[in-house]
Each structure stands twice: as structure tokens, then as C-alpha cells.
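Structural overview
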Amino acid sequence: MGKKADGKVLAQNKKASHDYFIEDTYEAGLVLTGTEIKSLRNGRANIGDAFATIRNGEIHIHNMHISPFEQGNRSNPTDPTRTRKLLMHKEQIHKLLGLSKRDGFTIVPLKVYVRNGYAKLLIGLGKGKKEYDKRDSAAKRDAQRDIQRVLREKQKIAR
């Protein structure tokens, strides 16, 4: 029996770090139906527009797009962006609920991956960035890139 792929990233929300300051991260299990896991393993998922909400002590993800599996049967879901339930410990959900109620905080999906054969979603508690924060982050990134370039050039000259 072969070893299952551990931690292979299937979908990632690259805009999350650009739009939010990620304060804390949590791992949640995904409740999938039918052939969604096969489609997910083929990398046919998108979490760019997804968001999470907490209702009645349960956490759900909205707008997560999983394309229907081509060789699917009738248990194949027809709505690719349906609301899916996430599996987390009750204490974690209550903590997230309390933190997300604070001003400007939201629950942002960061990436989808498979661990020990189960689909997992990494969610983060994010605080929205203002436009000047985004410019500041871009300026810091550019400055760091310039510093690295100068250091590489000095190392080439020293050799």
C-alpha cells in the first residue's frame, strides 16, 4: 500500500496576503460530496472569491469553486460554488467567532490541501488592509528585493 500525498497544495488564495494582515491561522476539514474530492485532487478548485461565516455554532465556506468531475455520476453535485461545511473543534469555532466580531476582522480561506487522505482548508483571521497599507507593503517588498540584488552583485565582485 502506497503512502498518501501529504500536504500537497491544491488551491491557494494569493490575494489574501495582499488584501489582509493575517493574524492567526487554523486548519479545518472540508465536508465534500460525491466526486468533489477527485476533482479537488485534479487541482480543479478556486478559493479566490471564497469567504467563511459562522452560523449556529457551525462554520461554512461560501463561493469556493470546485469544478464538476468529468467522469462523474449522478452523485456529482451540480452547483460548483455551493456552501460547504467545515469541520473544526467547537472551542476553535467559538474563539474564531469572538475574534471575527471585532472591528475589521474576517475569516479568509488561504489554501486547500490533502493531509492523510483528507481534504483540509487553511483559514486565517485577517484584518483588512487599507490602500496605504498595500502601498507600504509593496514598497517594503521592492526595497527588500533591491537589497538582495545589491548583495548578490557584491558577492559576484568579491569572488
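The following refers to the structure shown. Here, residues in each chain are numbered from 1, in the same order as that chain's written sequence. Local features are withheld for residues below a pLDDT of 70 in this predicted model, meaning they are given only at 70 or higher, and side-chain atom pairs are given and counted only at 80 or more; totals for whole chains, interfaces and linings count all residues. To obtain the side-chain values, all non-hydrogen atoms of the structure were included, while hydrogens and water were left out.

1. Here we look at helix α3 (residues 90-100)
Worth spelling out the cut-off: Using a 1.4 Å probe on the protein chains alone, a residue whose accessible area is under 20% of its type maximum counts as buried, one over 50% counts as exposed, and one in between counts as partly exposed. Numbered from the N terminus, helices here are DSSP runs of H or I no shorter than four residues, and strands are runs of E no shorter than two. Arc definition: directions from the helix axis to the C-beta atoms. By definition, residues are in contact when any of their heavy atoms lie within 4.5 Å.
What α3 keeps buried is the set Ile93, Leu96, Leu99 and Ser100. For α3, the angular spread of the buried residues around the axis is 130°, confining them to a single face. Counted as exposed and oriented over 90 degrees from the buried face of α3: Lys90 and Glu91. The inward-facing, buried residues of α3 contact β2 (20-30), β4 (51-55), β5 (58-62), β8 (105-115) and β9 (118-128).

2. Quick look at the sheet that holds strand β1 (residues 8-12)
Stated precisely, the cut-off is as follows: Pairing between strands is defined by DSSP: at least two bridges between the two strands are required. Note on definitions: angles span 0 to 180 degrees between N-to-C directions of axes, and those axes are lines fitted to C-alpha atoms, for helices only across the stretch in contact.
If you trace the seven strands from one edge of the open sheet to the other, you get β1-β8-β9-β2-β7-β5-β4, paired in antiparallel fashion. In the strand order of this sheet, the two ends are held by β1 and β4, each with one partner. When the angles between neighbouring strand axes are averaged without regard to direction, this sheet yields 40°. With four bridges connecting them, β1 and β8 associate as antiparallel partners. The residue bridging Gln12 from the neighbouring strand is Lys111, located in β8. Set on the sheet, α3 makes contact with β2, β4, β5, β8 and β9; between it and β2 the angle comes to about 150°.

3. Examining the pairing of β4
Here β4 shows a buried face lined by Ala52 and Ile54 and an unburied face lined by Phe51, Thr53 and Arg55. With five bridges joining them, β4 and β5 adopt antiparallel strand pairing. Looking at the pairing, Thr53 lines up with His60 of β5. Taken together, β4 and the strand that follows it, β5, pair antiparallel across an intervening segment of two residues, in which Asn56 is found at a positive phi of about 55°.

4. Some points on the pattern of salt bridges
Operational definition: Put simply, a salt bridge is a Lys or Arg side-chain nitrogen that is within 4 Å of an Asp or Glu carboxyl oxygen.
What the rule picks out here adds up to seven salt bridges. Close ionic contact of Arg84 with Glu36 constitutes a salt bridge, the shortest N to O distance being 2.9 Å. Taken as a pair, Arg84 in strand β7 (residues 84-87) and Glu36 in helix α2 (residues 36-41) lie far apart in primary sequence, 48 residues in all. Asp146 is paired through a salt bridge with Arg149; the nearest N and O atoms lie 3.0 Å apart.

5. Re the nonpolar core
Note the cut-off: The term nonpolar core refers to a set of buried residues drawn from Ala, Val, Leu, Ile, Met, Phe, Trp, Tyr and Cys, joined through side-chain atoms within 4.5 Å.
In this structure, Leu30, Leu40, Ile59, Met64, Leu96 and Ile123 are the most contacted members of the largest nonpolar core, which totals 28 residues. Of all the elements in the fold, those that place two or more residues in this core are β1, β2, β4, β5, α3, β8 and β9. Leave out the neighbours within four places in its chain, and Leu30 touches Leu40, Ile61, Met64, Lys85, Leu86, Val112, Ala119, Lys120 and Leu121. Of all hydrophobic cores here, the second largest spans five residues; its members include Ala16, Val108, Leu110 and Tyr113.

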